Amino acid sequence: MKTHSSVGRRGNGALILVVLIALAMLFCLVFLLLPLANVFVQAFEKGVAAYWSALTHPDSWAAIKLTVLVAAITLPMNVLFGLAAAWAIAKFEFRGKALLITLIDLPFSVSPVVAGLMFIVLFGLQGFFGQWLNDHDLRIIFAVPGIVLATVFITFPFVARELIPVMQSTGTDQKQAA
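Residues numbered from 1 in each chain as written. Predicted model: local features only at pLDDT ≥ 70, side-chain atom pairs only at ≥ 80, totals over all residues. Heavy atoms only, no water.

A count of helical and extended segments in the chain gives 8 helices and 0 strands. Each helix (α) and strand (β) of the chain, taken in turn from the N terminus, gives the series α-α-α-α-α-α-α-α. Looking at the chain as a whole, 16% of its 178 residues are labelled buried. Counted over contacts in the chain with a minimum sequence separation of 6, partners at least 24 positions apart contribute 61%. If you sum the accessible surface of the chain, you get close to 13,600 Å²; carbon and sulfur atoms cover 74% of it. (Helix = DSSP H or I, 4+ residues; strand = E, 2+ residues; numbered from the N terminus. Buried < 20%, exposed > 50% of the residue type's maximum accessible area, 1.4 Å probe, protein only. Contact = heavy atoms within 4.5 Å. Areas by Shrake-Rupley, 256 points an atom, 1.4 Å probe, with all protein chains shown as cover.)

This is how it looks when you write it as structure tokens:
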């Protein structure tokens, strides 16, 4: 037989659940849906013709082409290096494994501003490799290689971190059976 206090507790739990769900929905509304709606409102503020004109502008097409190019270069690099790093971490024990995991997690702990400054200090004209790059007519900063490098730096941990648990969960049974 249920007592009055246990029914009251269950009611409080349901109330807390409803409040938490309402707070989560409010958060999503304020920080996700309202900014997204604002983008569309501002995009179509002057009408569809103005939006289409801006979309077909040569600068817009240059930005779209650059985005596709960077994605086309970054994706295979992330798959290749992420798969290799995850496999090494999940399947082997070696000296430096903790260092490799730390390096994979580095973009999560370093501000993108600091990462950008690091790339400028390394590859800028006055940077560590700047003079050598300039002598060989190679451009990294403010060019496609720099954009690709920054994108790989930021996105690589997402690939490796997703693959490591999957590879660890498979274990070594299939390898031993083979």
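Don't stop here, the text continues.
Quick look at the nonpolar core now. In terms of nonpolar packing, the biggest core is built from 9 residues, these being Ala85, Ala86, Ile89, Ala90, Ile104, Phe156, Ala160, Ile164 and Met167. For this core, the secondary-structure elements that each account for two or more residues are helix 3 (58–91) and helix 7 (144–170). Setting aside residues no more than four positions away along its own chain, Ala85 makes contact with Leu100, Ile104 and Phe156. (Core = buried A, V, L, I, M, F, W, Y, C linked by side-chain atoms within 4.5 Å.)

Let's shift gears to the packing of aromatic side chains. What the rule picks out here adds up to 8 aromatic pairs. Between Trp87 and Phe92, the aromatic rings sit 6.0 Å apart at their centres with planes inclined by 55 degrees, giving tilted as the arrangement. By relative accessible area, which is 38% here, Phe92 ends up partly exposed. Taken together, the aromatic side chains of Phe119, Phe123, Phe128, Phe129 and Phe153 make up a single cluster linked through ring pairs. (Phe/Tyr/Trp six-rings, centres within 6.5 Å; stacked < 30°, edge-to-face > 60°.)

Let us look at the layout of surface pockets. Of the volumes computed, that of the largest pocket is approximately 170 Å³. Along its surface, the largest pocket is lined by Leu103, Ile104, Leu106, Pro107, Phe119, Leu149, Val152, Phe153, Phe156 and Pro157. Broken down by element, the lining of the largest pocket gets its largest block of residues, 5 residues, from helix 7. Of the residues belonging to the lining of the largest pocket, the class tally is 10 nonpolar, no polar and no charged. (1 Å grid on protein atoms, 1.4 Å probe; cavity = no way out; pocket = protein on both sides within 12 Å on 5 of 7 lines; lining within 4 Å. Points joined across faces, edges and corners; volume = space filled by probe spheres on them. Nonpolar A, V, L, I, M, F, W, Y, C, P; charged D, E, K, R; others polar.)

In this section: the pattern of salt bridges. All told, the structure shown has 3 salt bridges when counted by the stated rule. A salt bridge links Asp105 to Arg161; the nearest nitrogen and oxygen atoms lie 2.8 Å apart. In this pair, Asp105 sits in helix 4 (residues 97–109) while Arg161 sits in helix 7, placing the two residues 56 residues apart along the sequence. Judged by its relative accessible area of 24%, Asp105 falls in the partly exposed class. Judged by relative accessible area, Arg161 falls into the partly exposed class, the value being 31%. The closest approach of N and O atoms between Arg139 and Asp137, which form a salt bridge, is 3.6 Å. A relative accessible area of 45% means that Arg139 is categorised as partly exposed. (Salt bridge = Lys/Arg side-chain N within 4 Å of Asp/Glu carboxyl O.)

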